[in-house]
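# Report on the structure
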Amino acid sequence: MKALQHLGIAALLALSLPVHALDAAQQTAPSDGWGAGTVGGSAATPEHIYTVHNRAELLNALANGGNAAKIIKVAGTIDMTEGTPFASTADQKVRARVRLTSNTTLIGEGPGAGFVNAWIDITSVSQVIVRNLHLVAPCDVGPIWDPTDGALGNWNSAYDAIGIVTATQVWIDRNTITDAPVTDDTLPVENGKTKQCHDGAIDITKGADLITVSYNVVTAHDKSMLIGGSDSLTSDAGKLRITIANNVFNGVVQRVPRVRFGQVHVFNNYFVGSKTANPYPHSYSVGVGKASNILSHSNVFAIDGAAGCDSVVVYASSDHTGVFRDSGSTVNGAALGACAVQAGTAFVPGYTYKPRPAALVKANNLALAGAWKISTQISGSGNVSEVGGTKAPAANETNVHTDTRLSLSFDAPPAIGTSGKVNVYRTSDDVLVDSIDLSTAPSSSDTQAVLARSNLEIDALGLGAMPDGATFARYVWYRPLSVSGAKASVKLHSNKLDFGTSYYVTMDASVLVGTIKGAAFAGITKADGWKFTTRAAPASFTNLNVDDGGTTADFRTLQGALNWVMKNCSTNSPAANGCNTVATPKTIHLANGSYPELNVLRKVSNLSIVGESRDGVVVGEVNFESLNSGSGASSAAAGTALSTSGKTLGHRVLGGGRSSLLVETSDLLTLQNFTLQNPHVRSTSWDNQAEAIYFNTSTTAAAARFVAKQMNFLSQQDTLQLKGYNWIYQSLVAGNVDFIWGSVMASLFEDCEIRSVADTASSSAGFILQSRATAGDKGFVFLNSRLTAEPAVSQAYLARSGGTTATAYIDHIAFVNTKMGSHILPAGWCVGTGTSKTGVGTGSCGSNPPSWAGTADGGTTDTVGWREVGSMDLNGAPLDVSARLGLASVKVANVPTNVMLAKPLGSATGLTTRAEIFQNSTIATGAPGGWVPAP
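Described in the following lines is the structure provided in the data block.

About the cut-offs
Residues numbered from 1 in each chain as written. Predicted model: local features only at pLDDT ≥ 70, side-chain atom pairs only at ≥ 80, totals over all residues. Heavy atoms only, no water. Helix = DSSP H or I, 4+ residues; strand = E, 2+ residues; numbered from the N terminus. Rg over C-alpha atoms; globule rule 2.2 N^0.38 Å. Buried < 20%, exposed > 50% of the residue type's maximum accessible area, 1.4 Å probe, protein only. Contact = heavy atoms within 4.5 Å. Areas by Shrake-Rupley, 256 points an atom, 1.4 Å probe, with all protein chains shown as cover. Lys, Arg positive; Asp, Glu negative; His and termini not counted. Charge placed at Lys NZ, Arg CZ, Asp CG, Glu CD. Core = buried A, V, L, I, M, F, W, Y, C linked by side-chain atoms within 4.5 Å. Salt bridge = Lys/Arg side-chain N within 4 Å of Asp/Glu carboxyl O.

Turning our eyes to something else, we now look at the overall build of the protein. Secondary structure assignment for the protein yields six helices and 78 strands. Against the compact-globule benchmark of 30 Å for 935 residues, the protein has a radius of gyration of 38 Å, which places it well outside the compact range. Referenced to the eigenvectors of the C-alpha coordinate spread, the extents of the protein come out at roughly 120 × 70 × 55 Å. For the protein, buried positions account for 56% of its 935 residues. At a minimum sequence separation of 6, the contacts of the protein that also span at least 24 residues come to 69%. A total accessible area of about 34300 Å² is found for the protein, and carbon and sulfur atoms account for 53% of it. For the protein, the distance from the average site of its 65 positive side-chain charges to the average site of its 70 negative ones is 2 Å.

Laid out in structure tokens, this is it:
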């Protein structure tokens, strides 16, 4: 036994943990206390395991868990004021309260976990565990002066750190509770008394029962543990069975505990303090009140100035009907001895216990008691974002946007079903205005089995907004239901809701599988009252605001705004609207937010789409060749033919194409200061072409113009597909395979970053460009730009040709004063063994054909083809281009012929100004030279 006295802290910790111990969050109350049988939320399933970082998440977790078994992990310190001080006692009562529900384990995740300005309220519930938290005792902002309290009156406060009222089966374990930093010496003195703002540390009242308080540290506190709140509450008799074991009470004035009626077992606690301390002078430790029965074993009182039992154990009132019986306790190393409080007849605890000798108590308790001596690694998927059952729009909400998404929150992430419908009806006449079908019915003509066919719908983007015709739209496949966190969202079909109209929603139970407040989702009927009313139409045709979360904007989505502009300001719109020509500027402002959507713009001129911040506004949804094949176009009807090539043979081709944003015949479109993405990730399972934007116009000098300034364009294969005249300025373009391409007249990338990203579908080197330029113009020009790469990318070519023996376009690219990273291969340009109008290549770059510049032999000259001048490394030093592809052997009519496939230029003449690049454009004035864009 003596050897145990010399065990170190690490050894004590090791002895305290059972072999193959459960995670701390799944542990239950020990058997040697009245709280034995307290399991709290230890049996929680993953959807009822929550990690919370702030007040809102905590309250949401409690609401979503209901009375189901749940574990709530506190990560970091939660300040219940959220930075706004309590305005009054009433305000504090609402905002400080952490009302725990039955079957809950509230546990600190590890160091730093705890609460400030919190009142943990355990009232009229059962099966609650609170562990591993550092609690700063709440300070009542409105203490009450009671002149009848004591001989001279006293200040009384509300709000315990932990209050247990009429609750059963509770375990309070390994917490630290302290007044610091608002200790009593920092409080003002009024009416001759310290204006006390703290109440109890752990108070247990009104018939609470079967509770264990173990291995806690209570320090720097006055009235610490009240058990039984009133002498008149005789109904407490037979209840208030409490075990207080292995705790440390350091610098505590009184009430550890102060007991009425209860059968309280106090063993192996370590009390330390001083009768003359300032603040927190020791008054007494154990207060014996009316009809109390306190059994004490092997407690250690280390109180300077104390001597004998009566210095630490007292009658707490004039009623001396309580009893206190002890064995093995000490005061400052001496036996506790005889007490003035009568011993009476001790109760017999309803459990087996074995107190350790007093000599071992101090070391054991100091090593093991208090917060952060344990940790939990368990994780789950519980919803802390909002309360389960929350709907958006809310029931009976008004002023709802016509392009709103429907959402419903669950206790944890729900599963999307494979059948059932979400329906929206007009309230006035019960007419069905939109229906989302989760079954395979929308894709019933498909014979493919690669794409999941449930939750796959056809959308008609822009339907009803294109004056070309009532059925004209961009037809695409899309996934209408999505789950983010515990929220399920429904994207209705485009342009189905009208302004100033009331609707209601129904949802079949099979649409989503999950629970809301512990109950299985059973669907939504008309009787459930999910009804909302849309807002009035915008006041302006030409100045619109989009915000995914605000209330004052005109639309929630970019497409909602585009529909409004197309309907009212396209070239086919009424002239009386005053905005159907290029002469009238039109602007859509995008507030910071996420806009996961496919978009279409058709026949609108001089439109600017401007983001609040470049990285804060993110527009675009997953789309790719296997889902919506082809470059895409609007049409009067969805296509019906099934694909006959690629990896999704037998998938219906609707015709809307694979880009995120499709732009048709829209002159002078400007995108500025936001991120446009197609977040599709290349995979060997799919055909992966996936543009962020397809700017579709003519291939003549009168082609439309596109401007992008301070933009991020993100995708992988085919990020930008361009036609016409394009000025991309101070922007980022990221991708990996031919990610800049198209049939351009002239496309200038000025002061841009062109970033090669990792290819998840191939280990081959990537390619920046595939030019399909129109002869007689400038093609693709990169001026004062930078070619960079992600760390995982070590190889890339400047370009490869897409030409065949029949194509009319030319490989027309010039890099002018461009900084190039080391990932650009020394050869620069890619030519393999393929065939173009130039002939059959003999290079080593796979099956890629040689370039064709439209010259007599197809070769590059100073004015056309693959060219570069002034190339530098990323530090600005001249780049050695001696290994570049240049004069190479090409088989022409099966005869090896030397052809200049790529060429370094000696001069940048004609390639250094916007006026030069866009000289041939005629759309501005009807004659060349009419367009010189400016920042």
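There is more to say, and it comes next.
Our focus in this paragraph is the nonpolar core. Ranked by size, the top nonpolar core spans 80 residues in total, and within it Ile588, Leu671, Phe713 and Phe749 carry the most contacts. Per-element accounting of this core gives the leading share, seven residues, to helix H5 (residues 558–569). Residues in contact with Phe749, not counting those within four places in the same chain, are Leu720, Leu722, Ile728, Val733, Ile740, Ile754, Phe780, Val781, Phe782, Leu783 and Ser785. One finds Val128, Ile227, Val252 and Val266 within the second-largest nonpolar core, a separate group that totals 63 residues.

Attention now moves to the pattern of salt bridges. Across all of its chains, the model carries 27 salt bridges by this definition. Note that Arg241 and Asp209 form a salt bridge whose closest N and O atoms lie 2.6 Å from each other. You can see Arg241 sitting in strand E21 (residues 241–245) and its partner Asp209 sitting in strand E18 (residues 209–214), a full 32 residues away along the chain. On the basis of relative accessibility, which here comes to 7%, the residue Asp209 falls in the buried class. Here the salt bridges share partners, and the residues they tie into one network are Asp468, Arg602, Lys603 and Glu664.

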